Structures are given as C-alpha cells and as structure tokens.
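The lines below spell out each chain.
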Amino acid sequence: SWDQFDSSVADLPFNLFLVRLESVMRERIALLIIITLLIAFLVIFQNYFNTALAIVFLIAFMFLYTIYMWIATKYQKRKLKKNPPVLNYSYKPFVSILIPCHNEESVIEKTVKNEIILIDDRSEDSTADIILGLEKTNQKIKALIRPKDATPGKSAVLNDAVKIAKGEAILVFDADAKVEKDFLSKLIVKLEGADVGAVQAQKVIINKNQNFLTRCQYNEYILDTHMQIGRDAVRGAVELRGNGELIKLQALKSVDYWNEETITDNLDLSTRLHIKGWDIRFCADAKVYEEGVISFVALIRQRRRWVEGSIRRYLEYAYKVFTSRDMSLRVGFDLIAYITEFLLPFWLIAEVVIQGFHFIQGSDNAILSSIILVSTTGVFFTSGFVYSLRKYANYSFIKALLESIVTSIYFITIWFPIAMFIIFKIVFSRKTMDWGKTNHGVANCVIEGFNNEC
C-alpha cells in the first residue's frame, strides 16, 4: 500500500519506485513550465497591454466556444430528426457489470437487484459478508474478496475484477448506483461503432432536496450534462464519470487497462482512450442515479481528489495529447480548451492580486478592470447554469436564475480555492495516493421514482 510517495520507500520494488519518481518529476516540471509561462504572460500583459483587452479576449473565447457547442448540438438534433439513425438493437454483446465496494454495507444489498461481479476492496465493515451472501442466493453474482494487503484504489480493484469478467464489454457502477430497467438497452446501442471505445451515462443526484449542498450538486451535474452533450455533438473529448460507464474490452486492452497510479481512474482512462483514437460517446437518455455528499468536509475531500486527479492526468499525458497521431483534431482542441478551466482560477486570482498590490501602493492600476474580469467569469458560469437548468431540468426562468446565481457562487467558492491549492501541492508537496472515499448510504430524501421520502 502506497499512502504517500515517500512512505516506506525502502519496502517498494525498485522498478515501481522509479516509475512513480519519473511520474512525479514529469508532472512537476510540466506544471512549473505552465506556471512560468503564465506568470510571464501576466507580467508582459500588465506592462504592455490594457487589462480591458483581457476582458475582450476572455469573453470572445468563452462566447465562441459556447456558440460552437450550441450550433453543433442544434445541428446534430436537426440531423437526427430529419434522418433518424437506424439503431441496431440486435447488437447485444455480453456485458460484465463491475461494482467495486469499500465499506459499503449500508447500500450494496439495495444496489444489486444482471453477470454482476461485486468486489470487496479490503472493507473493514460487513461488506464482504453481505457480498458472499448475495453470491449464494443469486447465480448471476460473483464475489471477489480482495486480501487486506492488496493494492488500494478503484483502478487496482477493477484490474483484479476484469481478470474474471466475461464478454465484450465492462459496465462499471459505484456501490450506490441506481438505474431504470431499460438503462443498459439505451446505453449499449451507442457502443456499436467500430471507433467507439466507451459510452457514459448521464449522472443524476438522487437526493437533490436533502440540503443546500446536494441541491447545488444536482445543478452542477445538470451543467456537466449540458457540456457532455455539447462535446458529444462535436465528437469532442467526452469523459467517463466513473459511475455508469460502459467500456469495450478491446479498447480497455489497447490502453493496458486502468492506471493504478491515479486517484481518478475514470478521467485518466478517458484521456488515454482519446490519445489512442477511441471515441467516447455520451448517452443522456440512460441515467444513473447516485448520492450527493451531504457535508461540506466530505464535499471538499471529494472535489479535491477530482481536481488533483484531473490536473495530474493532463500533466502526465500533455506530450501525448499534442503528439498523438490517432487522436482527432476536434478531440485535441476540445481537450486543450477544457484545460483552461484549471488555469483560469490561477489567472484571475493572480490578476486581482497584482492589481490590488498596485492599488495599495497608489501606482497606476487596473483594479476596476480586474473586478470586471472576475465578474464576467461569474456571469458566464451563471448563464451556463440558467440555460442548462431550463433545458435539462425544466425549471422556470426565475427558478433557474435564482438556482444559477446560488450555484455559481457555490461553484466558484469550491472550485477556485481547490484548484489553486492543488497547483501548489503538485509543485511543492509530495505526491499522495489519497482517494478520499465518498461515504454512501447517507441519502434520506430521494427524487421521485425511487421510494421518494421528501
């Protein structure tokens, strides 16, 4: 078990130690180069350009990218309406369903109601006993009980499970997943194309009305659905989300399965599939319902892992993204545009700090322009939320606007500080393999259709 990069180094196999050392150094060097270039850009921009130009540039880029996605989505919808695709419902590959479980005694029995492999990952509660009991009573279920000294992490769990899986495709769920009866039939028709390596279902927060945080997470997932639909429309870099992801075994083999040196297995796998030229599709019709976390501490821990894993995979595969001969230009452009969401917080905060420092000194400054720059970003996010909630959650305009303002504040408050923290952590701190497990079984208020108790 590697909880920290520098823990028990003497006990690590030398070749694995070198692999991790190389990965850490590559990530730090790549990030230092990016930060250096960004700081140089800021210094040059501050000295030779008017900050107002940054506003024009930012608005133009965000507007053009949004219009690009919107036009592509409308075109795809019109094209499908005019010439509906002939769906091959006879395409029914054998699918193995993998559900990794770590201390999931409160939800795992309710989740299982097709071949399903339940993997107990070194649980300290009664999860293993429940899984073994389910195996005895249901012939479709296989139990895989991992030893206490097994390599931790979801990637390692899935790599162990895929060895005993059958068929042509792997469907991965989290232990708290809930789906409707036609979920797999909707998802699987998207997987048939020869260039399609995986399909991601739409994720929905099931306990959206439980408290303020779960409501914001529900709205956040709706915005993610809007972005995934847009990326699918342009055949861009659709990403796997870890829960409700259907993957061809052929595609999985081509990238050497899951990377056990990452804390976000789904994002890492998405990037490697794109680099290899595989297409990932998004299916909004197939919905997988999961619990939103209910406490602020748990939310920060979860999002910290997501941000760190996402930034590290971009640093790890940056060179391959730019040099891949298999990846399409559309996917490459989409990936590069998506990276800016992590550089944007650094740019905006640095801009405000620099201008604020000039303002305090009484020297020439553009603090007003900086404030407008940050405000513009907030308006952009709010507009995206309004559109998404109107279209995909069927909210009235007033409700969508109010929810969007609140969720944008939540979004910026959560994501900006975490992104800044992770950037400095990667540069100055040791690499950890802390997955920050999300606790399940906490939902006491679920949406209609799943034993609603609200």
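Note that the structure is a prediction, hence the values are computed from the model and not measured.

This part covers the overall build of the protein. Across its full length, the protein holds 13 helices and 8 strands. The proportion of buried residues among the 454 residues of the protein is 53%. In the form shown here, the protein has an accessible surface area of approximately 22300 Å², with 62% of it arising from carbon and sulfur atoms.

The subject of this paragraph is the packing of aromatic side chains. With the rule as written, the count across this model stands at 4 aromatic pairs. With centroids separated by 6.1 Å and ring planes inclined at 75°, the aromatic side chains of F385 and F411 adopt a geometry described as edge-to-face. Of the two residues, F385 is situated in helix α12 (residues 367–392) and F411 in helix α13 (residues 397–428); the sequence distance between them amounts to 26 residues. When sorted by exposure, F385 lands in the same class as F411, which is buried. Summarising the aromatic geometry, the rings of F411 and W415 are spaced 5.8 Å apart at their centres and angled 35° between planes, so their arrangement reads as tilted. On the criterion of helical spacing, the pair formed by F411 and W415 is a turn pair, its members being 4 residues apart in helix α13. What makes F411 buried here is its relative accessible area of 12%. Taken together, the ring pairs in this structure connect F381, F385, F411 and W415 into an aromatic cluster. For R313, the ring lying beneath its charged end belongs to Y314, and the centroid distance is 4.1 Å. In this structure, K399 packs its charged tip against the face of Y395, placed 4.3 Å from the ring centre.

Right, let's talk about the pattern of salt bridges for a bit. The full count for this structure, using the stated rule, is 18 salt bridges. When the shortest N-O distance is used, the salt bridge between E403 and R215 registers 3.0 Å. Placement of the pair is E403 in helix α13 and R215 in helix α7 (residues 212–233), with a sequence separation of 188 residues. The exposure class assigned to E403 is buried, which follows from its relative accessible area of 13%. Among the salt bridges present, the one from R241 reaches E239, with a minimum N-O distance of 3.1 Å. There is no split in this pair, since R241 and E239 are both buried. What emerges from the salt-bridge pattern is a single network uniting D224, R231, E239, R241 and R313.

Mapped onto the secondary structure, S155 falls in helix α5 (residues 154–162). At a separation of 2.9 Å, a polar atom in the side chain of S155 contacts the main-chain carbonyl oxygen of N259. Not counting residues up to four positions away in its chain, the partners in contact with S155 are W258, N259, E260, T262 and D265.

Once that is clear, we can look at the nonpolar core. Core analysis: the largest hydrophobic core is formed by 29 residues, its most contacted members being I99, L171, F173, F183, L187 and L246. Only β1 (95–101), β2 (116–121), α4 (127–137), β3 (141–146), β4 (169–172), α6 (183–188), β6 (196–205) and β8 (279–290) provide two or more residues apiece to this core. It is β1 that contributes the most residues to this core, 4 residues altogether. With residues up to four places along the chain from it excluded, the contact list for L187 reads L171, V199, Q200, A201, G244, L246, C283 and A286. Membership of the second largest hydrophobic core comes to 25 residues, among which are V162, A165, L240 and W278.

Another aspect to go through is the confidence of the model for the protein. For residues with low pLDDT, the predicted coordinates do not support detailed interpretation. Here the protein shows a mean pLDDT of 80. Residues at 70 or above account for 78%. pLDDT under 50 marks residues 1–12. Its contacts with residues more than four places away, or in other chains, come to 20 contacts.

Take the sheet that holds β6 next. A sheet is described by the order of its strands in space; here 8 strands give the open sequence β3-β2-β1-β4-β7-β6-β8-β5, paired in mixed fashion. Two strands in the sheet have a free side with no partner beyond their single neighbour: β3 and β5 (178–179). Inspection of the sheet shows β4 paired to strand β7 (residues 245–248) by 4 bridges, in the antiparallel sense. Pairing of L171 across the sheet is with L246, part of β7. Sitting on the sheet, α5 touches β1, β2, β3 and β4, and the angle it makes with β1 is about 140°.

Between α7 and α12, the shortest axis-to-axis distance is 9 Å and the interhelical angle comes to 85°. Our classification of the angle between α7 and α12 gives roughly perpendicular. Judged by residue contacts, N219, E220, I222, L223, H226 and I229 of α7 engage G384, F385, Y387, S388, L389 and Y392 from α12. Taken together, the residues that form the contact of α7 with α12 break down as 7 nonpolar, 4 polar and 1 charged.

Cut-offs and rules
- Position numbers for residues count from 1 along each chain, tracking the sequence in the order it is written.
- Selection of residues for local features in this predicted model requires a pLDDT of at least 70, selection of side-chain atom pairs for listing and counting requires 80 or more, and totals for whole chains, interfaces and linings are taken over all residues.
- Only heavy atoms go into the side-chain values, all of them from the structure, while hydrogens and water stay out.
- What counts as a helix is a DSSP run of H or I of at least four residues, what counts as a strand is a run of E of at least two, and both are numbered from the N terminus.
- The classification of residues rests on relative accessible area computed with a 1.4 Å probe and restricted to protein chains. Under 20% of the type maximum is buried, over 50% is exposed, and intermediate values are partly exposed.
- All accessible areas in this document rest on Shrake-Rupley with a 1.4 Å probe, and a residue is counted as covered only by the protein chains that are shown.
- Only Phe, Tyr and Trp rings are paired, with Trp represented by its six-membered ring, and only when their centres lie within 6.5 Å; those with planes under 30 degrees apart are stacked, over 60 edge-to-face, the remainder tilted.
- A ring has a charge above it when a Lys NZ or an Arg CZ is no more than 6 Å from the ring centre and no more than 35 degrees off the ring normal.
- Salt bridges are counted wherever a side-chain nitrogen of Lys or Arg sits within 4 Å of a carboxyl oxygen of Asp or Glu.
- Here a polar contact is taken to be a pair of N or O atoms separated by no more than 3.5 Å, where protein atoms must pair a possible hydrogen donor with a possible acceptor and residues adjacent in sequence count only if both atoms sit in side chains.
- By definition in these notes, contact holds between two residues if any of their heavy atoms fall within 4.5 Å.
- Only buried Ala, Val, Leu, Ile, Met, Phe, Trp, Tyr and Cys residues count toward a nonpolar core, and they belong to the same one when joined by side-chain atoms within 4.5 Å.
- What pLDDT reports is the predictor's confidence in each residue, on a scale of 0 through 100.
- A pair of strands is treated as paired once DSSP finds two or more bridges between them.
- Helix axes are fitted to C-alpha atoms over the stretch in contact, other axes to C-alpha atoms as well, and angles between N-to-C directions run from 0 to 180 degrees.
- Angles are sorted into four bins: roughly parallel if under 35 degrees, roughly antiparallel if over 145, roughly perpendicular if 65 to 115, and oblique for all others.
- Three classes are used, and their members are as follows: Ala, Val, Leu, Ile, Met, Phe, Trp, Tyr, Cys and Pro are nonpolar, Asp, Glu, Lys and Arg are charged, and the others, Gly among them, are polar.

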